[in-house]
Amino acid sequence: MSVRTVITGTGHYVPPRVVTNFDLEKLMTTSDEWIRQRSGIIERRHVEPGTGTSDLAYEAALKAIEDASIDKSEIDFIIAATLSPDYYFPGLGVIVQAKLGLIPIGALDVRNQCCGFIYAISVADQYIRTGTYKKILLVAAEVQSTNLDYSDEGRDMAVLFGDGAGAVILEPNENDDGRGILSTHLFADGRYVEDLWLEKPSPKDKPVVTEELARAKKFFPRMDGKNVFKNASMRMPEAVRVALEHNGMTVEDISLLIPHQANDRISQMVAHSLRLPLEKVMRNIDRIGNTTAASIPIALDEAIKQGRIKRGDIVALTAFGSGYTWASAVIRW
Ligand code: UT7
């Protein structure tokens, strides 16, 4: 049997500052009731000014390294997934690499927003199975709170998104016990770029940054929430079904589904569509909000630490987001 990739350590970090729905009520026309009913979110975390995505990523990485019981010097490659790197360029991976003191190993950035973690896992899986690398650090992190429109115009997004980071260590499974990543399936439909995007700054413009663009609030992300909601509810179960079929499995085989925490109503619809009991669905959006690429690894780490995943369990991951992109992964834990 060919080598499989196993996750040998997980960790997550969220900044200490809790921002409740009541805090947001002071900034825009919204209410705790509206936010809870429409998204299931009660609170989320925001960084203090000066803290960047790489700071959160570094903390999560340290925890995953400790959890895997390895020395950081054993890591031979880094993959970082984010839509909010510290800088336009270079990417997040190289900054995490330097913070960890792991010069000169390679560091790759994956830019697939809410699907970033699953896309990145699929990349890591190829490197491990081909024997290219032996210990990959995959970190997904976001600081979104510093660039949201906290006026009524941006309230649909401002209440959903939060900051945080999750990380995993991936290694080859040296035992012939069937554990590891069984499949990854990646999808995209680039016709819907404008449904969820940060349009500016864009190198298409000269100059790239103008006061006029700032006045028009072009530097904030925008979303067609209804369309994203509709497609997310359809595409995530679809991606899970494709994965189950690929593995000759049924929904009954799933011990735990970890959907991207986009909106709790979406997670409930995904479960309903798959006829999967809600007890088998990981949901932490009430406390964490939507942390884009970081949401699945944060939820995965919490699920493990809560004892919800046991050795041999089938864990399914799925995500949908900006692009559009959607994806799934199936892991025998
Ligand atoms: O991470 C992956 C990508 N993101 C997602 O998956 C998010 C997908 N979309 C959603 O979660 C939902 O569309 C939202 C939570 C963003 C919005 O919920 P909705 O049930 O689709 O509300 P809506 O867009 O239909 O808006 C209903 C009303 C509107 O007012 P009018 O036009 O009916 O007067 C909105 O302006 O609710 C208003 N609204 C708000 N009201 C209070 C929008 N945001 C807020 C808010 N507080 N924060």
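Cut-off values and rules
Residues numbered from 1 in each chain as written. Predicted model: local features only at pLDDT ≥ 70, side-chain atom pairs only at ≥ 80, totals over all residues. Heavy atoms only, no water. Near = heavy atom within 4 Å. Polar contact = N/O pair within 3.5 Å; in protein donor to acceptor, adjacent residues only side chain to side chain. Areas by Shrake-Rupley, 256 points an atom, 1.4 Å probe, with all protein chains shown as cover. Helix = DSSP H or I, 4+ residues; strand = E, 2+ residues; numbered from the N terminus. Nonpolar A, V, L, I, M, F, W, Y, C, P; charged D, E, K, R; others polar. Domains from an automatic or database assignment. Contact = heavy atoms within 4.5 Å. Buried area = accessible area lost by both parts, 1.4 Å probe. Salt bridge = Lys/Arg side-chain N within 4 Å of Asp/Glu carboxyl O.

Quick look at the site of the ligand
Here's step 1: The full set close to the ligand counts 22 residues, and Thr30, Arg38, Lys226, Asn263 and Asn290 are the nearest of them.
Here's step 2: In the model, a nitrogen atom of the ligand is placed 3.1 Å from a nitrogen or oxygen of the glycine 225 main chain.
Here's step 3: Asparagine 263 places a polar side-chain atom, nitrogen or oxygen, 2.7 Å from an oxygen atom of the ligand.
Here's step 4: In isolation the ligand offers 940 Å² of accessible surface; the protein chains occlude 75% of this area.
Here's step 5: Sorting the residues of the shell around the ligand by element identifies α2 (32-39), α6 (155-158), α8 (225-246) and α9 (264-274) as the ones contributing at least two each.
Here's step 6: Among the elements that line the shell around the ligand, the one with the most residues is α8, at four residues.
Here's step 7: The residue inventory of the shell around the ligand, partitioned by class, reads eleven nonpolar, six polar and five charged.
Here's step 8: Taken domain by domain, the shell around the ligand gets at least three of its residues from each of domain 1 (4-173) and domain 2 (180-332).

Points about the domain arrangement of the protein chain
Here's step 1: Domain assignment breaks the protein chain into domain 1 (4-173) and domain 2 (180-332).
Here's step 2: Relative placement of domain 1 and domain 2: their C-alpha centres are 14 Å apart.
Here's step 3: Between domain 1 and domain 2, the contact holds 55 residues from the first and 53 residues from the second.
Here's step 4: Counting the surface lost from both domain 1 and domain 2, the interface buries some 4,100 Å², and carbon and sulfur atoms represent 63% of this.
Here's step 5: Here domain 1 and domain 2 share four salt bridges between them.

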